[in-house]
Amino acid sequence: MVDIAPTARARLTARALRIDWTLVLFAALSIVLVFLVVAPLTRLFTESLSDPKTGALTLGNFVDVVSRSRYLTAYWHTIQLAAATVALSLLFALPMAWAVSRTDMPGRGFFYFGVVGAFIMPPFLGAIGWILLAGPNAGWLNQIWTALTGLEDPLVDVFSLWGLAFVIALNVFPLIFIFATSALDLISSEMEEAAAIHGAGPLRTTWLVSLPLALPAILGAVMLVFLETIALYGTPALIAIPARFNVATTQLTTFFAYPAKIELAMAFSVPLVFVTIILLGAQRLLLRGGHVAVSGKGGSRQPMRIGRWRWLLLAHGAVVTVLAVVLPAAILVSTSFQTAWARPPTLSNLTLANYRDILFEQATVRDAMVNTVAFALSAATLCTVLGFAVAYAATRRLLPFAGVLSALAVAPVAVPGIVLAICFYAAYAGPPLSLYGSGAIVVLAFVTRFLPIAYVSCASGVRSLNPELEEAVLIHGGSRLRALVQVVAPVLKKSLFGVWILVFVICSRELSTAMFLTSHNNRVISILTLDLSEQGKYETLAAMGVVLLVVTSTVVAVGMRLIGRDFMLRKN
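Residues numbered from 1 in each chain as written. Predicted model: local features only at pLDDT ≥ 70, side-chain atom pairs only at ≥ 80, totals over all residues. Heavy atoms only, no water.

K.L.:
Go over the overall build of the protein, please, and point to the residues and values.
P.N.:
Counting its regular elements, the protein contains 24 helices and zero strands. Over its C-alpha atoms the protein spans a radius of gyration of 26 Å, differing by no more than 12% from the 25 Å that the globule rule assigns to 572 residues. Based on the C-alpha atoms only, the size of the protein along its principal axes is roughly 110 × 75 × 50 Å. Taking as baseline every contact in the protein between residues at least 6 positions apart, the subset at least 24 positions apart corresponds to 78%. By element, 66% of the accessible surface of the protein is carried by carbon and sulfur atoms, the whole surface being about 26400 Å². (Helix = DSSP H or I, 4+ residues; strand = E, 2+ residues; numbered from the N terminus. Rg over C-alpha atoms; globule rule 2.2 N^0.38 Å. Contact = heavy atoms within 4.5 Å. Areas by Shrake-Rupley, 256 points an atom, 1.4 Å probe, with all protein chains shown as cover.)

And the structure:
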């Protein structure tokens, strides 16, 4: 008889001594998270409390901010702009959301593609399109107005507060549309039918039943639009600066004129961060305490019959889609094939030279396009991997203080992109790393900026997966890493691919985070757009924008084909 006890004990001892490299990997990722999030954000508060000459602790920077009327005016203009943008966004989005979700309006599926198109259109390209359309002197709408009426005064002027709010609203209204349709989709039509039986018409039923139930989700979306507007830089830089309308983000760039005032910029940014934190907290409370859950299954739904009103809603949705997507895209394509954009597109004015220049002759433009695609690919890949790893470690509680990891992963959402760029500039531009001018600092800033999106989406996928699958692998001798690679990742591959595409598209259009981090070596399309706009080279700019739109639209089309048409419209 063979004594197997020593052999079994040896195996148990060897298994006990075996290093779980998965835990080591997750610990390393945690250190990376601290490097990306904690270090830059810490500089925000330390620099804002530092004396620029001595480095001593001081409140002088905040005193300077509140004592200068120019800075206070920038804050006030920002609030005005955000309020106007919210009002216009509600006007664009709510009727569309109600018509798509609750009525028998024809062509409802078409408006999903319109919303996706508005999301794909980068804000700076939308702004350029509307400058070409509604500029007071040479804008095409004003040229047509003058030709028809003989009046010299422009019909519309994009270089104004309401013009700026209009352009921004056309880009951010999908946020309200997504939240409103998600909430309205969960309302059972039984309550609306009960209201109809008691004599209420469609509008009265919507006002008294549907809208109050969806109100928390709508208010949450309103807060996101407000935050998106106060943090936006590209569109205000293209429209507000020529209109001499100073807002907070354009004011921030003035602190970097020689001599740079980093400490004052940090102090000026702190109120924006606090406002963001407060509104995000209020938004979470609204979504938790609302009358309608924004997840799970709703009751039975039947489209509301609204008679001839459906044609009015169809016209409203078509107008919004044309304003947000068709007109800006059409004027960009038309301009990209012209030698002079303000002249009629006659044969003598048509050319392919703009595309030849940006693809083969202008090294600056070509390098910017290559940098944009390369940075977006790198950032999307790193962001998805890091977001998935942190989400898995935090959700399965593989490390101590998993809640802290989760908080660090979502912390960047409270920091506007341009403020995050300043933090990265202060933390990593100089010695010892000296990353300024390299592609690495842009990619790292993108990863940090969009990590909350990747983390929340990946955590949702991991939570939906039963842990018994991974436990079966561990029981049969497999490692945690093997369970992760061979079980969890394959099951969630579509969700992870969707996250990757979403981050890629957002990175390709990001401007605020690239500010202060790019030089002539690592310039991206969004930054080059500002330079070409200042030089008046709209034809070259339009050709560059069309190429960017083709690339991002192709990526999104592939994603919709493989994952589903609404993967970019899921709010989580």
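Resuming the write-up.
K.L.:
Describe the environment of S48, listing the residues and the values that go with them.
P.N.:
Within the element layout of this structure, S48 appears in helix α2 (residues 21-48). Expressed as a C-alpha distance, the spacing of S48 and S269, which sit 221 residues apart in the sequence, is 8.7 Å. Excluding residues within four positions of it along the chain, S48 makes contact with R43, T58, N61, F62, E263, M266, A267 and V270. In terms of polar contacts, S48 uses its side chain to reach the backbone carbonyl oxygen of F45, at 2.9 Å. (Polar contact = N/O pair within 3.5 Å; in protein donor to acceptor, adjacent residues only side chain to side chain.)

K.L.:
If you had to explain empty space enclosed by the protein to someone new, which residues and values would you point to?
P.N.:
Enumeration according to the criterion identifies five cavities of 30 Å³ or more in this entry. Here the largest cavity is characterised by a volume of approximately 90 Å³. The wall of the largest cavity is formed by 14 residues, among which M121, G126, V167, L170 and N171 lie closest to the centre. Counting only elements with at least two residues in the lining of the largest cavity, the list comes to α6 (123-134), α8 (161-185) and α14 (309-336). Grouping the amino acids of the lining of the largest cavity by side-chain chemistry returns 11 nonpolar, three polar and no charged. (1 Å grid on protein atoms, 1.4 Å probe; cavity = no way out; pocket = protein on both sides within 12 Å on 5 of 7 lines; lining within 4 Å. Points joined across faces, edges and corners; volume = space filled by probe spheres on them. Nonpolar A, V, L, I, M, F, W, Y, C, P; charged D, E, K, R; others polar.)

K.L.:
Hey, could you go over the packing of helix α4 (residues 69-102) against α14 for me, with residue numbers and the actual values?
P.N.:
Interhelical geometry of α4 versus α14 gives an angle of 130° and a closest axis separation of 9 Å. Classified by the angle between their axes, α4 and α14 sit oblique to one another. Read as a crossing pair, α4 and α14 show a hand that is left-handed. Taking contact as the criterion, the partners of L91, F92, P95, M96, W98 and A99 in α4 are, on α14, L313, H316, G317 and V320. The class makeup of the residues in the contact of α4 with α14 is eight nonpolar, two polar and no charged. (Axes fitted to C-alpha atoms, helices over the stretch in contact; angles between N-to-C directions. Parallel < 35°, antiparallel > 145°, perpendicular 65-115°, else oblique. Left-handed = near helix turned anticlockwise from the far one by under 90°.)

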